[in-house]
Amino acid sequence: MEQAVPVEQAGETRGEGTRAVRAGLPAPVKHEPTLPGPVFAAHYHLPGEPTGAYTYGRDENPTWTHLERALGELEAPGEDGIEALVFASGMAAISAVLFSQLRAGDAVVLPDDGYQALPLVREQLTSFGIEVRTAPTGGDGQLEVLDGARLLWIESPSNPGLDVCDIRRLTEAAHAGGALVAVDNTLATPLGQRPLALGADFAVASGTKQLTGHGDVLLGYVVCRDAALAASVRRWRKIVGAVQGPMESWLAHRSLATVELRAERQNANALALAEALRDRPEISALRYPGLPGDPSYPVAARQMRRFGCVVSFTLPSKAYAERFLTSLHLVEEATSFGGVRSTAERRGRWGGDAVPEGFVRFSAGAENTDDLVGDVLRALDTARETAA
Ligand SMILES: *Cc1c(COP(=O)(O)O)cnc(C)c1O
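Predicted model, so just to flag it, every value in this text is computed and none were measured. Numbering of residues starts from 1 in each chain and follows the order in which that chain's sequence is written. Local features in this predicted model are restricted to residues whose pLDDT is 70 or higher, and side-chain atom pairs enter the listing and the counts only when it is 80 or higher, whereas totals over whole chains, interfaces and linings include all residues. Water and hydrogen atoms play no part in the side-chain values, which are based on all heavy atoms of the structure.

Examining the layout of surface pockets
- Here a cavity is any set of points on a 1 Å grid over the protein atoms alone where a 1.4 Å probe fits but cannot get out, and a pocket is any open set with protein on both sides within 12 Å along at least 5 of 7 lines; a residue lines the site when it has an atom within 4 Å of a point. Grid points are joined across faces, edges and corners, and a volume is the space filled by probe spheres set on the points. The calculated volume of the largest pocket comes to roughly 530 Å³.
- Around the largest pocket sit 22 residues that line it, and Glu-68, Arg-69, Glu-73, Glu-79 and Ile-82 are the ones nearest its centre.
- Think of it as three bins: nonpolar holds Ala, Val, Leu, Ile, Met, Phe, Trp, Tyr, Cys and Pro, charged holds Asp, Glu, Lys and Arg, and polar takes everything else, Gly as well. A breakdown of the residues in the lining of the largest pocket according to their chemical character gives 7 nonpolar, 6 polar and 9 charged.
- Taken as a whole, the second largest pocket spans an internal volume of roughly 410 Å³.
- For helices the rule is a DSSP run of H or I covering at least 4 residues; for strands it is a run of E covering at least 2, with both sets numbered from the N terminus onward. Sorting the residues of the lining of the second largest pocket by element identifies α4 (118-127), β8 (284-287) and β9 (310-314) as the ones contributing at least two each.
- Ranked by residue count, the leading element in the lining of the second largest pocket is α4, at 3 residues.
- In terms of residue class, the lining of the second largest pocket is made up of 10 nonpolar, 8 polar and 6 charged.
- Residue ranges assigned to each domain were obtained from an automatic or database domain assignment. Counting contributing residues per domain, the lining of the second largest pocket is built from domain 1 (16-256) and domain 2 (262-387), each supplying no fewer than three.

Some details on the site of the ligand
- Throughout, near means a residue has at least one heavy atom within 4 Å of the molecule or strand. Taken together, the neighbourhood of the ligand is formed by 15 residues, with Met-91, Asp-184, Ser-206, Thr-208 and Lys-209 sitting nearest.
- One of the backbone N or O atoms of Gly-90 is found 2.8 Å from an oxygen atom in the ligand.
- The protein chains hide 93% of the 380 Å² of surface that the ligand would expose on its own.
- The dominant element in the shell around the ligand, judged by the number of residues it contributes, is helix α3 (residues 90-101), at 3 residues.
- The residue inventory of the shell around the ligand, partitioned by class, reads 6 nonpolar, 6 polar and 3 charged. Under the rule applied, a polar contact is a pair of N or O atoms within 3.5 Å (in protein, one hydrogen donor and one hydrogen acceptor; residues adjacent in sequence only if both atoms are side-chain atoms). For every accessible area listed, the method is Shrake-Rupley and the probe measures 1.4 Å; residues are considered covered only by the protein chains on display.

So, the packing of aromatic side chains
- Pairing of aromatic rings covers Phe, Tyr and the six-membered ring of Trp, with a centre-to-centre limit of 6.5 Å; geometry is then stacked below 30 degrees between planes, edge-to-face above 60, and tilted otherwise. Going through the model one piece at a time under the given rule, you end up with 5 aromatic pairs.
- Pairing Phe-99 with Phe-128 gives two aromatic rings, centres 5.9 Å apart and planes at 80°, and the pair type is edge-to-face. Note that Phe-99 is positioned in helix α3 and Phe-128 in the loop between α4 and β3 (131-135), a separation of 29 residues in sequence.
- When accessible area is computed with a 1.4 Å probe and restricted to protein chains, residues below 20% of their type maximum are described as buried, those above 50% as exposed, and intermediate ones as partly exposed. Exposure remark for Phe-99: the relative accessible area of 15% places this residue in the buried category.
- Note on Phe-99 and Trp-236: the rings are 6.0 Å apart at their centroids and 20° apart in plane angle, and the pair reads as stacked. With Phe-99 in helix α3 and Trp-236 in helix α6 (residues 227-240), this pair connects stretches of sequence that are 137 residues apart.
- Ring-over charges, as used throughout, are those where CZ of Arg or NZ of Lys falls within 6 Å of the ring centre and within 35 degrees of the ring normal. A cation over an aromatic ring shows up here: Arg-237 above the ring of Phe-87, its NZ or CZ 5.9 Å from the ring centre.
- The ring of Tyr-320 carries Arg-323 above its face, with NZ or CZ at 4.9 Å from the centroid.

Here we look at the state of the cysteines
- Criterion for a disulfide: a pair of cysteine sulfur atoms at a distance within 2.5 Å. Taken as a whole and judged by the stated rule, the model has 0 disulfides.
- There is no disulfide at Cys-165, and the cysteine sulfur nearest it, in Cys-309, is 19 Å away.
- Judged by its relative accessible area of 1%, Cys-165 falls in the buried class.

Structural notes on the pairing of strand β12 (residues 359-363)
- In terms of burial, β12 is largely enclosed, as 5 of its 5 residues are buried.
- The alternating pattern of β12 places Phe-359, Arg-361 and Ser-363 and Val-360 and Phe-362 on opposite faces, both of which are buried.
- The pairing of β9 with β12 spans 5 bridges and is classified as antiparallel. Pairing of Ser-312 across the sheet is with Arg-361, part of β12.
- Pairing between strand β11 (residues 343-346) and β12: 4 bridges, direction antiparallel. Note that in β12 the partner of Glu-345 across the bridge is Arg-361. We treat two strands as partners when DSSP finds at least two bridges between them.

Structural notes on the sheet that holds β8
- Spatial strand order, β8-β9-β12-β11-β10: 5 strands in an open sheet with mixed pairing. Of all strands in the sheet, those bounded by a partner on one side alone are β8 and β10 (332-333).
- In the packing of helix α8 (residues 259-277) onto the sheet, contacts are made with β8, β9 and β12, and the angle to β9 comes to roughly 20°.
- It only takes one pair of heavy atoms within 4.5 Å for two residues to be counted as in contact. Geometry is summarised by axes, namely lines fitted to C-alpha atoms with helices restricted to the contacting stretch, and by angles between N-to-C directions that run from 0 to 180 degrees. Here helix α10 (residues 318-327) sits on the sheet and contacts β9, β10, β11 and β12; the angle it forms with β11, its principal contact strand, is near 160°.

Structural notes on α10
- Within the sequence span of α10, burial applies to Tyr-320, Ala-321, Phe-324, Leu-325 and Ser-327. Buried residues of α10, seen end-on, are gathered within an arc of 165° and therefore sit on one face of the element.
- Its buried side turned inward, α10 meets β9, β10, β11, β12 and α11 (369-385).
- The N-cap residue of α10 is Ser-317: its side-chain oxygen and the backbone nitrogen of Ala-319 are 3.5 Å apart. This arc describes the spread of directions from the helix axis toward the C-beta atoms.

Comments concerning the packing of α3 against α6
- As a packed pair, α3 and α6 sit with axes 9 Å apart at the nearest point and diverge in direction by 110°. Relative to α6, α3 is oriented roughly perpendicular. Contacts from Ser-95, Ala-96, Val-97, Phe-99, Ser-100 and Gln-101 of α3 reach α6 at Leu-229, Ser-232, Val-233 and Trp-236.
- Grouping the amino acids of the contact of α3 with α6 by side-chain chemistry returns 6 nonpolar, 4 polar and no charged. In what follows, roughly perpendicular refers to angles from 65 to 115 degrees, roughly parallel to angles under 35, roughly antiparallel to angles over 145, and oblique to any angle outside these ranges.

Some details on the pattern of salt bridges
- The term salt bridge refers to a side-chain nitrogen of Lys or Arg lying within 4 Å of a carboxyl oxygen of Asp or Glu. Counted under the stated rule, the structure contains 27 salt bridges.
- Notably, a salt bridge pairs Glu-264 with Arg-306, separated by 2.8 Å at the nearest N-O pair. Residue Glu-264 is found in helix α8, and its partner Arg-306 is found in the loop between α9 (297-303) and β9; the two are separated by 42 residues along the sequence.
- The class of Arg-306 is buried, set by a relative accessible area of 11%.
- The salt bridge involving Glu-345 is made with Arg-347; its shortest N-O contact spans 2.7 Å. Here the two residues Glu-345 and Arg-347 agree in accessibility, since each one is buried.
- Each of Glu-16, Arg-194, Glu-260, Glu-264, Arg-305 and Arg-306 takes part in a single network of salt bridges with overlapping partners.

Quick look at the structure:
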């Protein structure tokens, strides 16, 4: 494998757009493409002793290697010794950290308002004899239940409630008690927040959302500094085999080049939308961590550099929210978030999240701001008129 060219050497700082377009690229080779295409290989030529990086396709793949370098550069720019591991999905990455680090008899602290699959993970951990404690993200509620825990799992901003906790404060308390800390960085993306710089041991995320941003690839990753921790997560990936296909890895890497451009537009759209919705009488519980006055704003403004593309709010009823969603022209009704095309959904349709029936999670896409805000306000008018 060609030596990678880091986007920045120690001590240098580049702009985030510059970093995004160059992250993970190998040194140029005459007549080779800038980003080498996907390497499709279950096995590699391997005569003699089975040494070196590329032996079997479940262990390593050169297309992963490029993507992993890119993710390491985004999560910890300019740092040496960063290890990144890609997975088939965000849940594969989350499970890899939890199940590789925890043993029977350990205690783990999870958020009680996090991603909707965490309750399933909780059941599984409990069945393996691991004590699971939960507490709210907002107000740094997890501080209260840290005592004697082996691992603290943070999700900030939380999905779908958009609460934020003070990652540095929680991490310091967890480390003082001997616990490891993992932060789910899905919603913020590494452009919005860098968990390792805030003290966490693991930055973990679903790259399925804004990081890759086109709604066509599932991706998960784990980034950490400690080689022993990385080795234990790598071992888990090998055991479970939750590996990404090379085509998806390549598509994900290609998508990273535009993440700064997309985040700029999408996050600006989210803020514009939040501002436009603030004064609408039919809207309650409007949340956007980047909106001054939001309960998350004071902490978010200190620890985040971008606030994401997700806005949430509550309409008066299930029927009202459904009328709103079906009246949108530029926004597709779909789950997930972070894509270049705006999506929205009534979260209550899934069960599981503790949200009112009229609760809408809205993911701002990369449409022109006036078009998007105009469409949303028009759909709200339609929903109100048909109520009468
Ligand atoms: C979507 C999501 C996940 C799971 O990611 P997948 O790629 O769907 O497996 C985990 N955490 C958060 C915060 C998410 O939004």
